[in-house]
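Each chain, letter by letter, is given below.
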Amino acid sequence: MLTDNPEFRRNLWLSATPGVLATVPLVTGAIFLTVGVMTKDYADFMGAMSYICILGLSVTLLVVGAKMMSDSLAGEVTARTWDSQRMTSLSPGRMTAGKLFGSTILCWYTAAVLVPFFLWAASERGFLDRGVIFVVNTILSGVLIQAVCGIAVLAEMRRAPQGMGIKHSGLYLIIGVIFLVQSLPSAFNFLEPNMRMGEGILKWYSIEFPAGTFQMLSYAVFAFWAVYGLYRNMRVELLHENGPWAWVFFVLTCMVYTGGFGVEDNVPFRVSAYNVFFLAFVTAASWTYLMAFSEPKNPVDVKSLLEKYREGDLVTFFRRIPRWILSLALAALACLGVLAFFPAYTRDYGLSFLAGAGPLLALAILVFMVRDIGIIFFWYMKPNPRRPDVAIVVTFLVAYGILPLVVSAGGESTKALGMFMPVLKGPAVLRLVPALVMAAGAWWLALKRFKALIAPNKLPYSTFV
């Protein structure tokens, strides 16, 4: 996949020049030599080396790798070479491997130089086992972050085909920076010599895992999905069609993963099942919002999809169906689970960390989500829309910020808040009926705009309204 991969070799020739390959170990050796001179004894030198390697590996694979991956794809668009790349005979798999590991080859080379020094220091300090786990976790998280940045750039390319925003690919390194900031403290703590191996136990579906092992398994699962997601996005760029099932299984994986943290010991099964479904619902709802924002919303594509449905071509219809619809369907199923397993007895409420939210919260979130997606499509169905994202953000700011604040009189009266946002408590009528009315209104306006856009083509639309 790599040795005979033209894309990988091209990046290798461009990046891994003899001068650069010689510079990385020389600089690394100079840093450690300086540290050795400044430390007072061998133990301090090993400690300083381990922390420098932790920081170097994390920054190189997470931040620099994210930047290089983003720049590689965005640079192709800026230099107007991406179209010629798509016309080559490279398969989506080879293109994915070439971009993922070729454009970031210097990051992986630097990591290969640092890893032996780190394992040496870890062995000398007495935590080689945890050091190996840290190295594996960092490699997996590097693959995960770099693949996610690649997906983000490709998604932006499809959402803004004119290239708007692509030149700002450096923004995607924010993903790596956020991940770095949250992972470094735990990494430094995890590699303390006096840390006992029994500490840091996580429970998932009542199964106990050491923190490092669970982290490694989590990174492995999601790194696989990130690379596969990059491959599927590359298939789209190379004009291949993807089916819907991979996305369904990915969202289900996320739902099962987050749901595992809802299982509690010494509580009835109904309580734990409620927690699991509630967390799974929130996960599916989050992916629904993300895909509703990020997926292209071209009226021509929507019209083509509806025509396939009218013609009875359900295979093509389900292959092209927007991913937010699939996520919304999974969220609705999880919401049914929340309603079905809500603790029947008041005495059980105190046993659950989520039961106090009540079943209506999930139902209200679902209805408001349908309304919000209607608002998104309303702004995107405008003829020649300019800055629809800004209009959407302003609309949500008014809907979720200004109006609730005005109605609640600055927070002094909260009884009517359920009319404008999902809340924990309140009359069911106020929490659901206004949201249903607003959802119906948002979609009516969006469909009206859509019909106005396609009116010259005389598409029979009565079936869908």
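Conventions adopted
Residues numbered from 1 in each chain as written. Predicted model: local features only at pLDDT ≥ 70, side-chain atom pairs only at ≥ 80, totals over all residues. Heavy atoms only, no water. Helix = DSSP H or I, 4+ residues; strand = E, 2+ residues; numbered from the N terminus. Buried < 20%, exposed > 50% of the residue type's maximum accessible area, 1.4 Å probe, protein only. Contact = heavy atoms within 4.5 Å. Areas by Shrake-Rupley, 256 points an atom, 1.4 Å probe, with all protein chains shown as cover. Expected span 1.5 Å × (residues − 1). Bend = angle between axes of the 7 residues up to and from the residue. Pairing = 2+ DSSP bridges. Patch = residues over 30% accessible without salt bridge, like charges linked within 9 Å, V, L, I, M, F, W, Y side chains within 5 Å. Salt bridge = Lys/Arg side-chain N within 4 Å of Asp/Glu carboxyl O. Phe/Tyr/Trp six-rings, centres within 6.5 Å; stacked < 30°, edge-to-face > 60°. Polar contact = N/O pair within 3.5 Å; in protein donor to acceptor, adjacent residues only side chain to side chain. 1 Å grid on protein atoms, 1.4 Å probe; cavity = no way out; pocket = protein on both sides within 12 Å on 5 of 7 lines; lining within 4 Å. Points joined across faces, edges and corners; volume = space filled by probe spheres on them. Axes fitted to C-alpha atoms, helices over the stretch in contact; angles between N-to-C directions. Parallel < 35°, antiparallel > 145°, perpendicular 65-115°, else oblique. Nonpolar A, V, L, I, M, F, W, Y, C, P; charged D, E, K, R; others polar. pLDDT = per-residue confidence, 0-100.

1. Re the overall build of the protein chain
For the protein chain, the helix and strand inventory stands at 17 helices and two strands. Taken over 465 residues, the protein chain has a buried fraction of 44%. A fraction of 77% describes how many contacts in the protein chain between residues 6 or more apart in sequence connect residues 24 or more apart. Element-wise, carbon and sulfur atoms account for 69% of the exposed surface of the protein chain, whose accessible area totals about 23,400 Å².

2. Section: helix α16 (residues 388-407)
With 20 residues, α16 extends 27 Å between its outermost C-alpha atoms, agreeing within 8% with the 28 Å of an ideal straight helix rising 1.5 Å per residue. The largest bend in α16 comes to about 35°, at Val-398. The complete set of buried residues in α16 reads Pro-388, Ala-391, Ile-392, Phe-396, Ala-399 and Pro-404. Of the surrounding secondary structure, the elements contacted by the buried residues of α16 are α11 (269-294) and α15 (359-380).

3. As for the pairing of strand β1 (residues 201-204)
By the bridge criterion, four bridges tie β1 to strand β2 (residues 207-210) in an arrangement that is antiparallel. Paired with Lys-203 across the bridge in β2 is Glu-208. Here β1 hands over to β2 after two residues, with Tyr-205 in that stretch at a positive phi of 50°.

4. Focus on a nonpolar patch on the surface
There is a patch of nonpolar side chains on the surface, built from Val-390, Val-394, Leu-397, Val-398, Ile-402, Leu-403 and Val-406 and spanning about 590 Å² of accessible area. For Val-398, the location among the structural elements is in helix α16.

5. Focus on the pattern of salt bridges
Under the criterion given, the structure shown has five salt bridges. Asp-71 is the salt-bridge partner of Lys-67, the closest N and O atoms lying 3.3 Å from each other. In this pair, Lys-67 and Asp-71 both sit in helix α3 (residues 42-78), four residues apart, roughly one turn of the helix. The exposure class of Asp-71 is partly exposed, given its relative accessible area of 31%.

6. Let's talk about the packing of aromatic side chains
Within the structure shown, the criterion is met by 31 aromatic pairs. Summarising the aromatic geometry, the rings of Phe-32 and Phe-117 are spaced 4.9 Å apart at their centres and angled 45° between planes, so their arrangement reads as tilted. With Phe-32 in helix α2 (residues 18-38) and Phe-117 in helix α6 (residues 105-125), the pair connects residues that are 85 residues apart, well separated along the chain. By relative accessible area, which is 5% here, Phe-32 ends up buried. Assessed through its relative accessible area of 27%, Phe-117 is described here as partly exposed. Relative to Tyr-400, the ring of Phe-396 has its centre 6.2 Å away and its plane inclined at 70°; by these criteria the two rings are edge-to-face.

7. Description of the environment of Glu-295
Following the sequence through the fold, Glu-295 ends up in the loop between α11 and α12 (299-310). Residue Glu-295 is classed as buried on the basis of its relative accessible area, which comes to 14%. For the pair Glu-295 and Arg-323, spaced 28 residues apart in the sequence, the C-alpha separation amounts to 7.9 Å. Discounting residues that sit within four places of it in the chain, Glu-295 has contacts with Pro-322, Arg-323 and Trp-324. A distance of 2.9 Å separates the side chain of Glu-295 from the backbone nitrogen of Arg-323, its partner in a polar contact.

8. Re the layout of surface pockets
One number sums up the size of the second largest pocket: a volume of about 220 Å³. If you list the elements that add at least two residues to the lining of the second largest pocket, you get α15, α16 and α17 (428-454).

9. Focus on the packing of α11 against α15
Put simply, α11 and α15 touch, their axes get as near as 11 Å, and they point 5° apart. By the angle between their directions, the pair α11 and α15 is classed as roughly parallel. Of the residues in α15, those in contact with Tyr-274, Phe-278, Phe-281, Ala-285, Thr-288, Tyr-289, Ala-292 and Phe-293 of α11 are Pro-359, Leu-361, Ala-362, Ile-365, Leu-366, Phe-368, Met-369, Asp-372, Ile-373 and Ile-376. For the contact of α11 with α15, the per-class residue count stands at 16 nonpolar, one polar and one charged.

10. Comments concerning α6
Taking 1.5 Å per residue, 21 residues should reach 30 Å; α6 reaches 30 Å between its end C-alpha atoms and fits that length. The axis of α6 is deflected most strongly, by about 30°, at Leu-114, and proline Pro-116 appears within four residues downstream. Listed as buried for α6 are Ile-105, Cys-107, Trp-108, Thr-110, Ala-111, Val-113, Leu-114, Val-115, Phe-118, Ala-121 and Ala-122. Note on α6: the residue one or two positions beyond its end, Gly-126, has a positive phi of about 90°.

11. Some words on the confidence of the model for the protein chain
Residues at a pLDDT of 70 or more form 83% of the protein chain, whose mean pLDDT is 81. With pLDDT under 50 throughout, residues 458-465 is counted as low confidence; its partners more than four residues away or in other chains account for 14 contacts.

12. Quick notes on unusual backbone geometry
Residue Tyr-205 is not a glycine yet carries a positive backbone phi of 50°. With respect to the secondary-structure elements, Tyr-205 resides in the loop between β1 and β2. Look at Tyr-205 and you get partly exposed, because its relative accessible area is 28%.

13. Details of the environment of Phe-450
Note on placement: Phe-450 falls in helix α17. A C-alpha to C-alpha distance of 8.9 Å links Phe-450 and Lys-303, two positions 147 residues apart in sequence.

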